[in-house]
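Descriptive analysis of the structure
Listed here are the chains, written in short residue letters.
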Amino acid sequence: MKANVVLLLFCGALICFGFSVVIAEDPYRFFTWTVTYGTASPLGVPQQVILINGQFPGPQLDCVTNDNIIVNVINKLDEPFLITWNGIKQRKNSWQDGVLGTNCPIPPNSNFTYKWQAKDQIGSYSYFPSTAMHRASGGFGAININQRAPIAIPYPIPSGEFTLLVGDWYKAGHKAIRQSLDAGRALPPPDGILMNGRPQGAVFTGERGKTYKFRVTNVGLSTSFNFRIQGHKLKAVEVEGAHVIQQNYDSIDVHVGQSIAVLVTLDQPAGAFYVAASTRFSTAAFTATAVLQYAGSSTAVLGSIPPPPAFQLDGSLLQARSFRWNLTANAARPNPQGSYKYGSVPITRTLVLANSAPIVNGRQRYAVNGFTYVVPDTPLKLADYFNIPGVFTADQLPVAPPASTATIFATSVLKFNLRDFVEIVFQNNEKEMQSWHIDGIDFWVVAYDSGEWNPSLRKSYNLVDATTRHTVQVFPNGWSAILVALENQGMWNVRSSIWARQYLGQQFYIRVWTPQQSLNNEYDIPPNALLCGRAKRS
């Protein structure tokens, strides 16, 4: 009898322990997304678009810090397809990054289930197709990561929030654009600009006297935009997951791939007001509009659409410098953002990366330090994991602009050690605005300036409260400097966010590695990983 009692107590303890483990585990959120073609008329002309669950733009993915996200993507297109999670760090998990260097594309009439965690992140992000030029036809959407209940944000909880996906748009479909690029032509100026999939007509309703959060993301292919709300100030509070010192702006420039969150207080007499986004630093001049409607008011919008500011490069450069990290605010964790003193960490390596637009054999290509990227038949991550030779070239890409003007075609990978602290300077000697992104990693943008970078300019770096970002703009005939802590093992894409430039070679990968094989550094290959190319025969 006594033995039976002991056994029952032991089993009960196990049950309780198991129950406590389940309760303590971070929540799971499950999604099934079916990707199809559909017809829409974003610019008044019927055209083929890419839908997710019948929606254009795609569904909004709302979650909370540390949630586990399970997304089953079913590809019903006639081409292979992938989604990448723009700005999501994928801690120890580049297997889920969703780009051709890490994942095999999902074949038509097949599926792949992504499994990732919003680990230690909070803020405004996005997702979009990474294959071919699919992004030109849709398939993009917002990712909004909210704070856990015990973690305070450095401003009163807003009365509501609105998500705005803004981007340039082309009447030509993704296949026509890809064929044009493959034929050697550059991407032309866009045909318009959209806000949440339309050039005008959206209505955002709020109550007078209350404050609302607007999450604004540039989902376009190539063009910056200026965002503003008639008669209202924009108080910047968050930039790509980092809380910033709160300042009011009349308007804000948002560059390709970037996100920002602002607070807007409805402090005007009851009525309706234009919400406007205009193309910026482009030969194409377009404006998309929506309406901010005060609840209970039937008054139509009065006056004209507010124009973008007259200032161009100098004013935009000063505005970019004005975004500063709020060192005392926490983010996804309770400790202050400024608890990591990035400015005192020794730099282990420096890269100076110059973008260029060479014509090779009569065809447009794009390059970084003279190298134009060639997409291999096997994802780099799989080739590295299975030790498949000949897929990529390691450490061939120069770490500074070469004297030679020759363009070299290669599948370039730079190797780094886990926890290297790297200085990267993006040098832009062209007359167009550039935008650069690094997957899986955020970084401190410590300087923007015009002209040619040289080591003496390090004295101008902000080593105290520079904002962390995942995407940085580089002004025409200028440079931007970032500092990067490579604390996330994996194979990560460094690319132009201007998608035609990425497609035609302006990208490479970094391999962050340590010989200490541990799940504390990187997860194993997932059991559902798709295998293709030479990895399929391994």
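Presented here is a report on the structure given in the accompanying data block.

Assigned secondary structure in the protein consists of five helices and 35 strands. Across its three principal axes, the protein shows a C-alpha extent of roughly 85 × 65 × 50 Å. Considering the protein as a whole, with its 538 residues, one finds that 57% of them fall into the buried category. Within the protein, contacts between residues separated by at least 24 positions form 78% of all contacts whose residues are at least 6 apart in sequence. Put simply, the protein shows about 21,700 Å² of open surface, and 56% of that area lies on carbon and sulfur atoms. Computed over 43 positive and 34 negative side-chain charges, the separation of the two mean positions in the protein equals 2 Å.

Moving on to the sheet that holds strand β7 (residues 123-129). Strands sit in the order β3-β8-β7-β5 across an open sheet of four strands; the sheet is mixed. The sheet is open, and its two borders are formed by β3 (61-64) and β5 (83-86), each paired with just one other strand. In this sheet, neighbouring strand axes are inclined to one another by 20° on average, regardless of whether the strands run parallel or antiparallel. Across five bridges, β7 lies against strand β8 (residues 141-146) in antiparallel orientation. Note on β8: the bridge partner recorded for Ser 124 is Asn 144.

Within this structure, the stated rule accounts for 27 aromatic pairs. Ring centres of Tyr 385 and Phe 386 lie 5.0 Å apart, and the angle between their planes is 85°; this geometry places the pair in the edge-to-face category. The exposure class of Tyr 385 is partly exposed, given its relative accessible area of 40%. Aromatic pair Phe 421 and Trp 444: ring centres 6.4 Å apart, planes at 45°, arrangement tilted. Here Phe 421, found in strand β28 (residues 421-428), pairs with Trp 444, found in strand β30 (residues 443-450); they are 23 residues apart in sequence, far enough to count as distant. The pair Phe 421 / Trp 444 is uniform in exposure class, with both members buried. These aromatic residues form a ring-pair network of at least three members: Phe 31, Trp 33, Trp 85, Phe 112, Tyr 114, Trp 116 and Tyr 127. Arg 135 extends its terminal NZ or CZ atom over the ring of Phe 128, reaching a point 4.0 Å from the ring centre.

Under the counting rule described, the total for this entry stands at one disulfide. The disulfide that involves Cys 104 links it to Cys 532, with 2.1 Å between the sulfurs. The disulfide joining Cys 104 to Cys 532 has a torsion of about -90° about its S-S bond and is therefore left-handed. Placement of the pair is Cys 104 in the loop between β5 and β6 (110-117) and Cys 532 in the segment after β35 (507-513), with a sequence separation of 428 residues.

Moving on to the pairing of strand β18 (residues 272-280). Burial runs high along β18: nine of the nine residues are buried. Inspection of the sheet shows strand β13 (residues 224-229) paired to β18 by six bridges, in the antiparallel sense. Paired with Phe 225 across the strands is Thr 279, a residue of β18. By the bridge criterion, seven bridges tie β18 to strand β19 (residues 287-294) in an arrangement that is antiparallel. Pairing of Tyr 274 across the sheet is with Val 291, part of β19. Once β18 ends, the chain turns through six residues before running back antiparallel as β19, passing Phe 281 with a positive phi of about 55°.

Conventions adopted
Sequence positions are assigned chain by chain, starting from 1 and proceeding in written order. With the structure being a predicted model, the display of local features is reserved for residues of pLDDT at least 70 and the display and counting of side-chain atom pairs for 80 or more, all residues being used for whole-chain, interface and lining totals. Computation of side-chain values covers all heavy atoms of the structure but excludes hydrogens and water. Elements are defined by DSSP. Helices are runs of H or I of four residues or more, strands are runs of E of two residues or more, and each kind is numbered from the N terminus. Throughout this description, buried means an accessible area under 20% of the type-specific maximum (1.4 Å probe, protein chains only), exposed means over 50%, and partly exposed covers the range between. Every residue pair with non-hydrogen atoms within 4.5 Å of one another is taken to be in contact. Values of accessible area rely on a 1.4 Å probe in the Shrake-Rupley scheme; residue burial ignores everything except the protein chains shown. The convention is simple: Lys and Arg are positive, Asp and Glu are negative, and His and the chain ends are not counted. Think of each charge as sitting on NZ of Lys, CZ of Arg, CG of Asp or CD of Glu. Any two strands with at least two DSSP bridges between them are considered paired. Convention adopted: a line fitted to C-alpha atoms gives each axis, helices being fitted over their contacting stretch, and angles between N-to-C directions are expressed from 0 to 180 degrees. Aromatic pairs are defined between Phe, Tyr and Trp rings, using the six-membered ring for Trp, whenever the two ring centres lie within 6.5 Å; interplanar angles under 30 degrees are classed as stacked, those over 60 as edge-to-face, and all others as tilted. Two thresholds decide whether a charge sits over a ring: the Lys NZ or Arg CZ must be within 6 Å of the ring centre and within 35 degrees of the ring normal. Pairs of cysteine sulfur atoms within 2.5 Å are what we label disulfides.

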